[in-house]
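Report on the structure
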Amino acid sequence: MFHSHELRIAFSFFLLTLPLFSSSLPEGKGKEVPYYMTSDVKEVAGKSFDYIVVGGGTTGCPLAATLSDNFSVLLVERGGSPFGNPLVTDKRFFGFSLLQTDEYTSVAQSFISTDGVQNHRGRVLGGSSAINGGFYSRAREDFVKKAGWDEELVKKAYEWVESKVVFPPELTPWQSVVEFGLLEAGILPYNGYSLEHIEGTKIGGTAFDQCGKRHTSADLLGAGNPKNLVVLLNATVNNIIFRNNSKANESRAHGIRFIKSDGSSNHMHEAYLNKPGNSSTWGDVILSAGALGSPQLLLLSGIGPHDHLKDLNIPTIVDLQEVGEGMQDNPCIAKLVDTTPQKRLPETPEVVGIADNFKFIIQAGVLPISSNASRMPIAAKLAFPISKGKLELDSTDPRQNPSIKFNYLAKEKDLHECVKMVQLLDKVTKSQSVSSFLGIKPQEKLMSNSDELRKLCKNNVRTFYHYHGGCIVGSVVDKDYRVYGVKGLRVIDGSTFQESPGTNPMATVMMLGRYQGVKLVEERREICN
């Protein structure tokens, strides 16, 4: 059944890109980390670094690790540590941690877009990779070419990530059933195990090893130079500090202001970029705070539409109209295939169907709705929506969510594609394989009434947690991810994307961190030579 209160609860766990466990664990508990990690803001306040990376998520961790090979790096994460918490590391507890959300310290910060769709954003070292379904699949070749990336360096960056945190899964009986259901529905060919984004049905990589232990992007920090890397946890950046060069008529990022994330104090602390002898070798403040966090921080720092900033009494540094524009969240429709909740262990997605020229992505899992009950949704996402929304500030408190509207299915083309997607999803859920596994009689009658399907799409649209945009390349940042109108400031994360890459963006945003880290090191080397 599509219309179900339990579907709303169950699917809120599906493919979470949202950190969810309690952040109260001492940093590093359960795992010895070679780099310096602290939650004491006073230990970092007043110090200087070659690079400051804001956001220790899926992109920020590999970026900071790569830069630390050659430079001193401060990585600032508003949440806590993922290490030592079974709700993060143990596959058996996948999804349970989403039940724990609060205003300041939970690893998931919930928000509801003005569309009325409930969503979450991450708040933990490792970002989405610390609590999502762990499904790993690269972007298609066209995405890489369109981005203008060096294809060989992209390949090496993917391989660097994969050598550390990606594994071939061992399919559960339910995942095998879904695999056959996808094939029965005509999602062909069968591609077996592959990390490539190719049409048909395939088994993807996973962040869970053979022992059921999750490996997040935070694990990639261990590949950096521990002598050059400082990780500050439970600290929220309030804004970027700029210095104005009146002679050159330009502003340059000089550092950051930050506060404790737990709401216990609004006292501001500062950290700075090292000032080199040669101005051309300055480092950067790099925002990797995600599709909500990075545009939010630009606005809080005075970079954005002048009229909007004026309304909040924020002095304008750069009147950059496109900040917060182009926000998208892939529309999703999910169907519960089990008739009642049962006590099953959670399962993460391990197979995927990629159909209709890459437009439709279908995956399945087993998701908890309470401590002793779970449901079995099969879900489909629309990969290339054209409807777009906008992000604006509701508050000047960086710990609060910005206002966000995604405009799900606002364009007629998206609604038309959603109808086609639901018809394909219907074939999968009513397949012989799925019906036999559930012990029910296959339903031969498929949904076909266009008006009913349109209504279903409008009334049941959900998030797939793959939202992106707000700092798009060519509008807010250039091809090297430098923010227009200022020096020493970049944005490197999914907020720069115009579409969500691959089946799931985790692989590509991890790769992006490594890729851009290597590019920055090469850039500095060329300047110095």
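Residues numbered from 1 in each chain as written. Predicted model: local features only at pLDDT ≥ 70, side-chain atom pairs only at ≥ 80, totals over all residues. Heavy atoms only, no water.

**Observations concerning the packing of aromatic side chains**
The description of an aromatic ring pair uses the distance of the two centres, along with the angle that the planes make with each other. As a reminder, the rule being used: Two rings from Phe, Tyr or Trp (for Trp, the six-membered ring) form a pair when their centres sit within 6.5 Å of each other. Planes less than 30 degrees apart are called stacked, planes more than 60 degrees apart edge-to-face, and all others tilted. Here, a charge over a ring is recorded when the distance from Lys NZ or Arg CZ to the ring centre is within 6 Å and its angle to the ring normal is within 35 degrees.
Using the criterion set out here, one finds 8 aromatic pairs in the structure. Within the aromatic cluster, the residues linked to one another by ring pairs are Phe111, Phe406, Tyr408 and Tyr467. Positioned over the ring face of Phe358 is Arg140, at 5.2 Å from the centre of the ring.

**What about helix H9 (residues 412–429)?**
As a reminder of what qualifies: In this description a helix means any DSSP run of H or I spanning at least four residues, a strand means any run of E spanning at least two, and both kinds are numbered starting from the N terminus. Multiplying 1.5 Å by the helix residue count minus one yields the expected span of that helix. For each residue, the accessible area found with a 1.4 Å probe, counting protein chains only, is set against the maximum for its type, and the residue is called buried under 20%, exposed over 50%, and partly exposed in between.
Along its 18 residues, H9 runs 26 Å from first to last C-alpha, staying within 8% of the 26 Å computed at 1.5 Å per residue. When H9 is considered as a whole, its buried residues turn out to be Asp414, Leu415, Glu417, Cys418, Val419, Met421, Val422, Leu424, Leu425, Asp426, Val428 and Thr429.

**Considerations on the pairing of strand E25 (residues 389–392)**
Rules: Pairing between strands requires that DSSP locate at least two bridges from one strand to the other.
Taking every second residue as pointing to the same face, the buried face of E25 carries Gly389 and Leu391, while none of Lys390 and Glu392 on the other face is buried. Where E25 and strand E26 (residues 403–405) come together, 3 bridges link them in antiparallel fashion. Bridging across to E26, Leu391 finds its partner in Ile404.

**Looking at the sheet that holds E26**
So the rule is basically this: Here an angle of 0 to 180 degrees is reported between the N-to-C directions of two axes, which are lines fitted to C-alpha atoms, with helices fitted over the stretch in contact.
The sheet built from 3 strands is open, its strands ordered E18-E25-E26 with antiparallel pairing. Across the chains shown, the open sheet's two edge strands, defined by having one partner strand only, are strand E18 (325–327) and E26. The average undirected angle you get between the axes of adjacent strands in this sheet is 35°.

**Notes on empty space enclosed by the protein**
Empty space left among the atoms is revealed by rolling a probe the size of a water molecule over them. Definition in use: Buried and open spaces are told apart on a 1 Å grid over the protein atoms alone, a cavity being a set of points where a 1.4 Å probe fits but cannot get out and a pocket being an open set with protein on both sides within 12 Å along at least five of seven lines. Residues with an atom within 4 Å of a point are the lining residues. Grid points are joined across faces, edges and corners, and a volume is the space filled by probe spheres set on the points. For this classification, Asp, Glu, Lys and Arg are treated as charged, while Ala, Val, Leu, Ile, Met, Phe, Trp, Tyr, Cys and Pro are nonpolar and the rest, including Gly, are polar.
Considering all chains together, one arrives at 4 cavities of 30 Å³ or more under this definition. Roughly 750 Å³ of internal volume is contained in the largest cavity. Surrounding the largest cavity, 48 residues form its lining, Gly122, Ser128, Ala289, Gly290 and Ala291 being those nearest its centre. Secondary structure elements with two or more residues in the lining of the largest cavity: strand E6 (118–122), strand E12 (235–245), helix H7 (290–300) and helix H12 (506–528). Per-element tally for the lining of the largest cavity: the top contributor is H7, with 7 residues. In terms of residue class, the lining of the largest cavity is built from 20 nonpolar, 23 polar and 5 charged.

**Here we look at the packing of helix H2 (residues 60–67) against H12**
Describing two packed helices takes the angle between their axes plus the distance from one axis to the other. Our working definition: Angles are sorted into four bins: roughly parallel if under 35 degrees, roughly antiparallel if over 145, roughly perpendicular if 65 to 115, and oblique for all others. Less than a right angle of anticlockwise turn of the near helix away from the far helix marks a crossing as left-handed, whereas a clockwise turn marks it as right-handed. Contacts are assigned to residue pairs that have any heavy atoms within 4.5 Å of one another.
For the pair H2 and H12, interaxial distance at closest approach is 7 Å and the crossing angle is 25°. Compared by their axis directions, H2 and H12 come out roughly parallel. Between H2 and H12 the crossing geometry is right-handed. Of the residues in H12, those in contact with Pro62, Leu63, Thr66 and Leu67 of H2 are Met510, Gly513, Arg514, Gln516, Gly517, Val518, Leu520 and Val521. Considered class by class, the residues forming the contact of H2 with H12 number 7 nonpolar, 4 polar and 1 charged.

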